[in-house]
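# Understanding the architecture of this molecule
One-letter residues, chain by chain:
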Amino acid sequence: MRVEFDIEEAWTLMSTVLNRMLEDLDLPDEDRASIRRWRSEQMRPGDDGMRVLAEKINRDVNQAMQAKERSQLRRPDWR
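Small disclaimer: the values here were computed from a predicted structure and weren't measured.

Looking at where Arg32 falls in the secondary structure, it is placed in helix α2 (residues 29-42). Despite its burial, Arg32 pairs with no opposite charge; the closest candidate is Asp29, at 4.4 Å N-O. Only 3.3 Å separates the side chain of Arg32 from the backbone oxygen of Leu27, close enough to count as a polar contact. Setting aside its immediate chain neighbours within four residues, Arg32 contacts Leu22, Glu23, Leu25, Asp26 and Leu27.

Quick look at the side chain of Arg39 now. Its place among the elements puts Arg39 in helix α2. Buried Arg39, no salt bridge; nearest opposite-charge side chain is Glu23, N-O distance 9.2 Å. Every residue in contact with Arg39, bar those within four places of it in the chain, is listed here: Met14, Ser15, Leu18, Asn19 and Arg44.

This paragraph deals with the environment of Asp6. Within the secondary structure layout, Asp6 lies in the segment before α1 (7-24). You can call Asp6 partly exposed: its relative accessible area is 41%. For the pair formed by Asp6 and Ile57, sequence separation is 51 residues and the distance between their alpha carbons is 9.9 Å.

Now for α2. Given a rise of 1.5 Å per residue, 14 residues ought to cover 20 Å, and the 19 Å separating the end C-alpha atoms of α2 matches this to within 8%. Those residues of α2 that sit buried are Arg32, Ile35 and Arg39. The buried residues of α2 occupy one face: seen down the axis, they fall within an arc of 65°. Summarising the geometry of α2, the exposed residues directed more than 90 degrees from the buried face are Asp29 and Glu30. On its buried face, α2 sits against α1.

Another point: the confidence of the model for the protein. Per-residue pLDDT for the protein averages 89, and the proportion of residues at 70 or more is 87%. For the protein, per-element mean pLDDT is lowest for helix α3 (residues 48-74), which scores 87, and highest for α1, which scores 95.

Conventions we followed
Per chain, residue numbering runs from 1 following the sequence as it is written. Totals for whole chains, interfaces and linings use every residue, but because this is a predicted model, local features are given only for residues with pLDDT of at least 70 and side-chain atom pairs only at 80 or more, for both listing and counting. Only hydrogens and water are set aside; all other atoms, that is, all heavy atoms of the structure, feed into the side-chain values. Secondary structure follows DSSP: runs of H or I at least 4 residues long count as helices, runs of E at least 2 residues long count as strands, and numbering of each begins at the N terminus. Relative accessibility decides the category of a residue: with a 1.4 Å probe and only protein chains considered, values under 20% of the type maximum give buried, values over 50% give exposed, and everything between is partly exposed. Positive charges are assigned to Lys and Arg, negative charges to Asp and Glu, while His and the chain termini are left out of the count. Each reported salt bridge corresponds to a side-chain nitrogen of Lys or Arg within 4 Å of a carboxyl oxygen of Asp or Glu. Polar contacts, as counted here, are pairs of nitrogen or oxygen atoms within 3.5 Å of one another; within protein the pair requires one atom able to donate a hydrogen and one able to accept it, and residues that are adjacent in sequence qualify only if both atoms are side-chain atoms. Contacts are assigned to residue pairs with any non-hydrogen atoms lying within 4.5 Å of each other. In a helix, the anticipated span is given by 1.5 Å times the number of residues less one. Arc definition: it is the arc formed by the directions from the helix axis to the C-beta atoms. For every residue, the pLDDT score states the predictor's confidence, bounded by 0 at the bottom and 100 at the top.

Structure (structure tokens):
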């Protein structure tokens, strides 16, 4: 099985994680503003930074799935 996120899906994933992080962590207001500014200025769906992030997410997800698939093949049948 192969999973592939497009750039918009990767942006949604990143935004969800960042929003949750901003809600849950006790960060100074300046840091929150810096993170939001970075997201809005440098990580827009059409930018190169977002394209690179989407490629990294896809590569990491597929590597994790391949590792899990291999580990299941090695598992004894009697378990």
